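Listed here are the chains, written in short residue letters.
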Amino acid sequence: ILAQARGLADSCRASLARFHMANASGGHLLQTGKKPQSQKNQQNPDAPLTHCDYHRMLIKDHYGAMPSETFQYDVVYEAFRQDEEFKQNWCVVDCARNSPKESISQENASIRVVMDLPSTQKLYPTAYTPGFSTLPYTATAKPKAQQDVSGLPAGYSVALEVYILEEARRKLAFQRKYRHGQIDPEYQWLDDIIRKHDAEKKHDTQEVANVSNEYHSNRLLPWEDDRAKMWEDASSVRRENLLVSPFESDRGRGYLPPRDAGTWSKTPGKSPAFLQHERETADKVESLFDALMRKTCPDEDY
């Protein structure tokens, strides 16, 4: 009996030791499977986090952007909006961000741009790199040195989805014609840009017309006023020149004969001595020519 009691006590002490070991390692206290629980699968909930996978959302069969890609896209887009050199060289009307229904990850991000270029022009930039000058072949200015942009790796670029203004007008007109006056919501951003551009252009034209109507009735137009001032200055210069004219007809007296009485508008004649010299020279040339022909062609009559 004493031996059995000692064995039971040892078994209890062993079970208690296993209980403390499991509690110290953060393991589960209850067994959930048929097999004994493995100590390797146990984790301590108080341990610090190590590597953690980021689950990216799918957007139209494409992975969504990582937080770093979203930040970089915003930096590039703002740099593009403030790049006046690029807008001037490539006649940029306006731009727009990616659609919220599209991924802006590095593989799929783009900036939608409307350029007022000829429809026949096929060479235009299809990517934008902040801090890097992109000039057309007709540009006379030298490209600027490449600049680093904080928050972006060197040479980081975003694709440009380019729409030519003339072609975009035809595209939207075609959609309105065959969609009962409506356009595809996917191109609503394009319609907004063109409407804004046309409204600004119409406003500028109306301002010019108002200025023309205001000045036309009572006074000269600004450019005509400048032209009249130019002619007035020219007349003043002419009058100043007349004050120092050496002709008698302009000043009343002078040291040169009047214009109408002088030989200023007549062709000067040739003196008799000069005419005699011309005749003698012509006769001499004729005699030399006859002598030469007799030597080369003696049978001919010259």
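Just so it is clear, the model here is predicted, and its values are computed rather than measured.

Thresholds, definitions, all that
Residues numbered from 1 in each chain as written. Predicted model: local features only at pLDDT ≥ 70, side-chain atom pairs only at ≥ 80, totals over all residues. Heavy atoms only, no water. Helix = DSSP H or I, 4+ residues; strand = E, 2+ residues; numbered from the N terminus. Buried < 20%, exposed > 50% of the residue type's maximum accessible area, 1.4 Å probe, protein only. Contact = heavy atoms within 4.5 Å. Areas by Shrake-Rupley, 256 points an atom, 1.4 Å probe, with all protein chains shown as cover. Salt bridge = Lys/Arg side-chain N within 4 Å of Asp/Glu carboxyl O. Phe/Tyr/Trp six-rings, centres within 6.5 Å; stacked < 30°, edge-to-face > 60°. Lys NZ or Arg CZ within 6 Å of the ring centre and 35° of its normal. Polar contact = N/O pair within 3.5 Å; in protein donor to acceptor, adjacent residues only side chain to side chain. Pairing = 2+ DSSP bridges. Axes fitted to C-alpha atoms, helices over the stretch in contact; angles between N-to-C directions.

Q: Tell me about the overall build of the chain, and name the residues and values.
A: A count of helical and extended segments in the chain gives eight helices and six strands. Secondary structure elements of the chain, listed N to C terminal, follow the sequence α-β-β-α-α-β-β-β-β-α-α-α-α-α. Looking at the chain as a whole, 21% of its 302 residues are labelled buried. Sequence-distant contacts, at least 24 apart, represent 54% of the contacts inside the chain between residues at least 6 apart. Looking at the chain as shown, the accessible area adds up to about 24,200 Å², and 54% of this sits on carbon and sulfur atoms.

Q: Tell me about the environment of Thr-129, and please be specific about residues and values.
A: Secondary-structure assignment places Thr-129 in the loop between strand S5 (127-128) and strand S6 (158-164). Given the relative accessible area of 17%, Thr-129 is considered buried. C-alpha of Thr-129 to C-alpha of Gly-155: the two residues are 26 residues apart in sequence and 6.4 Å apart in space. What Thr-129 contacts, discounting residues up to four positions off in sequence, is Gly-155, Tyr-156 and Ser-157.

Q: An account of the pattern of salt bridges is requested, with residue identities and associated values reported.
A: All chains considered together, the criterion is met by five salt bridges. The closest approach of N and O atoms between Glu-166 and Arg-170, which form a salt bridge, is 3.2 Å. With a gap of four residues between them, Glu-166 and Arg-170 both fall in helix H4 (residues 165-178), about one helical turn apart. Residue Arg-176 pairs with Asp-191 through a salt bridge whose shortest N-O separation is 2.3 Å. With Arg-176 in helix H4 and Asp-191 in helix H5 (residues 188-218), this residue pair connects regions lying 15 residues apart in the sequence. Taking the relative accessible area as the measure of exposure, Asp-191 reaches 5% and is therefore buried.

Q: With reference to specific residues and values, describe the packing of aromatic side chains.
A: Under the criterion given, the structure shown has six aromatic pairs. Aromatic ring contacts, followed pair by pair, group Phe-80, Phe-86 and Tyr-128 into a single cluster. Across the ring face of Tyr-77, the terminal group of Arg-97 is positioned such that the distance to the ring centre comes to 5.2 Å.

Q: Would you mind going over the side chain of Asp-191 in detail, with residue names and values included?
A: Among the polar contacts made by the side chain of Asp-191, one reaches the side chain of Arg-195 at a distance of 2.8 Å. If sequence neighbours within four positions are ignored, Asp-191 has contacts with Leu-172, Arg-176 and Ile-183.

Q: Please set out the sheet that holds strand S3 (residues 92-96) residue by residue, giving values where relevant.
A: Here four strands make up an open sheet; going across it, the order is S3-S4-S6-S5 and the pairing mixed. Every other strand in the sheet has two partners, leaving S3 and S5 as the edge strands with one partner each. Where S5 and S6 come together, two bridges link them in antiparallel fashion. Note that in S6 the partner of Ala-127 across the bridge is Ala-159. Each of S3, strand S4 (110-115) and S6 is contacted by H4, which is oriented at about 70 degrees to S6, the strand it contacts most.

Q: Before we move on, could you go through the environment of Val-162 and cite the residues and values that matter?
A: Tracing the chain through its elements places Val-162 in strand S6. By relative accessible area, which is 16% here, Val-162 ends up buried. The spacing of Val-162 and Val-114 is 48 residues in sequence and 5.9 Å in space, taken between C-alpha atoms. When near neighbours in sequence (up to four residues on either side) are disregarded, Val-162 contacts Val-113, Met-115, Tyr-124 and Pro-125.

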